[in-house]
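Analysis of the macromolecular model
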Amino acid sequence: MGFVKTRDISREIRERCGVFAVVGHPKASELCYYGLYALQHRGQESAGIAVLNGGRIQTKKGMGLVADVFTKDDIVRLRGGSALAHVRYSNVGDEGGIEDAQPISVKMWQGQMAFAHNGNLINAPRLRARLEQDGSIFQTTSDCEVIPHLMAKSGLNDPVKALIKSLSDVRGAYSLCVLTSKGVIAAKDPHGVRPLCLGKLDGAYIICSETCALDAVGAEFIREIDPGEVVFIEEAEHPGSDVGRAKPPVSCYIDGARGKRGMDLCVFEFIYFARPDSDLYGINVHAARKALGRRLAQKDSLSADLVMGIPDSSLSAATGYAEEAGIPYEMGIVKNRYIGRTFIAPTQPLRELGVKIKINPLRKVVSGKRVVMVDDSMVRGTTSKYLVGLLKAAGAKEVHVRISSPPYRFPCFYGIDTSSSGELIAAEKTQEQIRELIGADSLAFLDVEDLEEILGRRAGNLCTACFTGNYPIPLEGEYR
Ligand code: 5GP
Ligand code: SF4
Ligand code: MG
């Protein structure tokens with residue numbers, strides 16, 4: 001398989017986000033604000049809130065963390081009974097500008113609407129080229145913008161019908177929310193790659209990427225949105241006022257998707273992406289990670305003095321490993337949690353002097369010890385290499401790297417951050433070559449079968465394409 005053009009499309013590939021929508025609550029924008037805080041791990045590049053008031057949609061968005069983008073006055077000003085919010089992710093040096101921040105608000109002949117999604121629309125480049133040749137003028141480089149253009153051309157007045165018709169042309173992984181002049185429409189792609197769930201708070205409904213955001217606002221989890229499901233929740237009585245009240249959700253399915261397909265939920269949500277206090281299809285993410293760590297230990301016969309994780313994403317797996325192996329769990333490094341967007345990285349001369357701001361090993365803990373360092377994933381291998389070096393410099397006698405997922409060998413095209421396959425350390429190297437490169441005394445990964453056994457049985461089918469190359473949604477054109 002050749003991935004020659006992956007570099008050119010890296011912007012789309014790196015997009016991965018969080019969405020949060022409210023229907024029928026007098027404090028809709030305030031709920032969105034707290035919901036976004038709970039989803040901040042899903043995107044730190046930009047944040048936005050759109051609110052429906054008096055049939056009009058008002059939007060505020062900006063670059064940076066939720067705390068940087070919104071003031072108290074903004075939240076007070078964004079009055080309305082329904083709202084839609086979004087956080088967007090991108091890698092350093094790969095940042096879309098403010099024009100790509102979501103929600104994207106548009107005025108169409110069917111009415112004003114705002115769009116926000118998490119995922120990647122694989123055929124967006126082709127659809128966009130066709131629409132542009134037909135005269136459409138795009139405002140952003142976001143793949144999501146093809147959807148309003150398709151809706152405007154659908155000839156259908158009803159936004160729900162127009163959206164369903166448009167989504168039958170779109171292929172890819174998406175969890176999408178649309179704020180209309182009546183309420184919110186939410187849709188999950190027929191493969192169900194990205195998470196999206198429904199919750200309830202007083203008389204209001206909430207749709208969001210992860211259950212931790214429901215917890216954050218005190219809402220009750222109702223259910224996952226089904227693969228291929230389109231849910232419409234209308235504001236009752238005073239649409240667009242700040243009175244708040246919602247009608248019960250009404251569901252239909254894209255292209256008769258219901259019952260036709262299984263699900264291909266992204267396994268990386270369990271491994272790295274989701275917050276440990278979220279549940280996906282009834283499985284708690286922390287518990288899942290712990291089980292993966294246990295499995296690593298079951299496959300091991302290592303004697304070591306301590307087990308450590310890498311804050312924050314591998315701590316669950318590391319505790320699982322330690323418990324199963326009966327080796328003490330320790331804090332081997334401390335991470336500075338207060339490094340924001342505006343952090344000025346130390347220049348090379350200072351780095352050579354050993355200036356370490358982001359992460360510091362606990363010398364007294366690791367010195368002279370045989371350390372098991374558990375991380376959740378290895379993508380380019382740079383993190384492992386750096387940390388092994390750091391631990392050895394702090395006096396660790398041996399460093400054994402254990403990764404609670406399989407080698408990441410294929411790029412993701414469904415909305416998670418990955419490099420081109422040239423940057424994936426496991427794409428071409430053997431395990432022994434990787435071990436040598438990162439300077440570890442030993443190295444082990446999990447197998448895909450371990451993931452499927454531990455997660456798959458309860459979660460249904462899982463997308464494991466970055467480990468196996470079996471892409472559940474066929475790739476097309478430049479993505480192939
Ligand atoms: P590597 O350094 O091998 O490229 O990446 C692996 C490390 O990055 C792991 O510590 C993992 O927790 C973290 N990681 C995995 N996926 C992502 C991602 O999509 N974005 C970011 N920022 N970190 C990731
Ligand atoms: Fe998730 Fe990997 Fe599938 Fe991408 S390829 S959706 S990261 S499992
Ligand atoms: Mg990590």
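See above for the structure.
This write-up is about the structure you can find in this document.

Criteria and cut-off values
- Residues numbered from 1 in each chain as written.
- Chains lettered and ligands numbered in written order.
- Predicted model: local features only at pLDDT ≥ 70, side-chain atom pairs only at ≥ 80, totals over all residues.
- Heavy atoms only, no water.
- Pairing = 2+ DSSP bridges.
- Helix = DSSP H or I, 4+ residues; strand = E, 2+ residues; numbered from the N terminus.
- Axes fitted to C-alpha atoms, helices over the stretch in contact; angles between N-to-C directions.
- Contact = heavy atoms within 4.5 Å.
- Buried < 20%, exposed > 50% of the residue type's maximum accessible area, 1.4 Å probe, protein only.
- Polar contact = N/O pair within 3.5 Å; in protein donor to acceptor, adjacent residues only side chain to side chain.
- Parallel < 35°, antiparallel > 145°, perpendicular 65-115°, else oblique.
- Left-handed = near helix turned anticlockwise from the far one by under 90°.
- Nonpolar A, V, L, I, M, F, W, Y, C, P; charged D, E, K, R; others polar.

Quick notes on the sheet that holds strand 3 (residues 56-63)
Overall, antiparallel pairing links the seven strands, which are arranged 3-2-4-1-10-9-11 in an open sheet. The two strands at the open ends of the sheet, each matched to only one other strand, are strand 3 and strand 11 (220-224). The mean angle between the axes of side-by-side strands here comes to 15°, regardless of whether they run parallel or antiparallel. Docked against the sheet, helix 2 (residues 28-38) engages strand 1 (17-23), strand 2 (46-53), strand 4 (82-88) and strand 9 (197-201), running at close to 20° with respect to strand 4.

Focus on the pairing of strand 9
Here strand 9 lies mainly inside the structure; four of its five residues are buried. Summarising the sheet, strand 9 and strand 10 (residues 204-208) pair through five bridges and their orientation is antiparallel. Directly across from C197, in strand 10, lies its bridge partner C208. Remark: two residues form the turn of the hairpin made by strand 9 and strand 10, two consecutive strands paired antiparallel; D202 in that turn has positive phi of roughly 50°. Pairing analysis gives four bridges linking strand 9 to strand 11, with the strands arranged antiparallel. In the strand pairing of strand 11, L198 is matched with R223.

Some points on the side chain of E210
If you trace the backbone, E210 turns up in the loop between strand 10 and helix 8 (211-216). With relative accessibility at 1%, the residue E210 sits in the buried group. A polar contact of 2.9 Å, which involves the side chain of E210, links it to the backbone nitrogen of R275. If we ignore the near neighbours within four places in the chain, the residues touching E210 are L39, H41, R42, C197, F273, A274, R275 and S278.

Things to note about the packing of helix 10 (residues 285-298) against helix 11 (residues 315-325)
Angle between the axes and distance between the axes are the two parameters that describe a pair of packed helices. At a minimum axis separation of 6 Å, helix 10 and helix 11 run at an interaxial angle of 45°. As judged from the angle between their axes, helix 10 and helix 11 are oblique. Here the hand of the crossing between helix 10 and helix 11 comes out right-handed. The residues of helix 11 that touch helix 10, namely those facing H286, R289, K290, G293, R294, L296, A297 and Q298, are S316, A317, T319, G320, Y321, E323, E324 and A325. Residues of the contact of helix 10 with helix 11, tallied by class, amount to five nonpolar, six polar and five charged.

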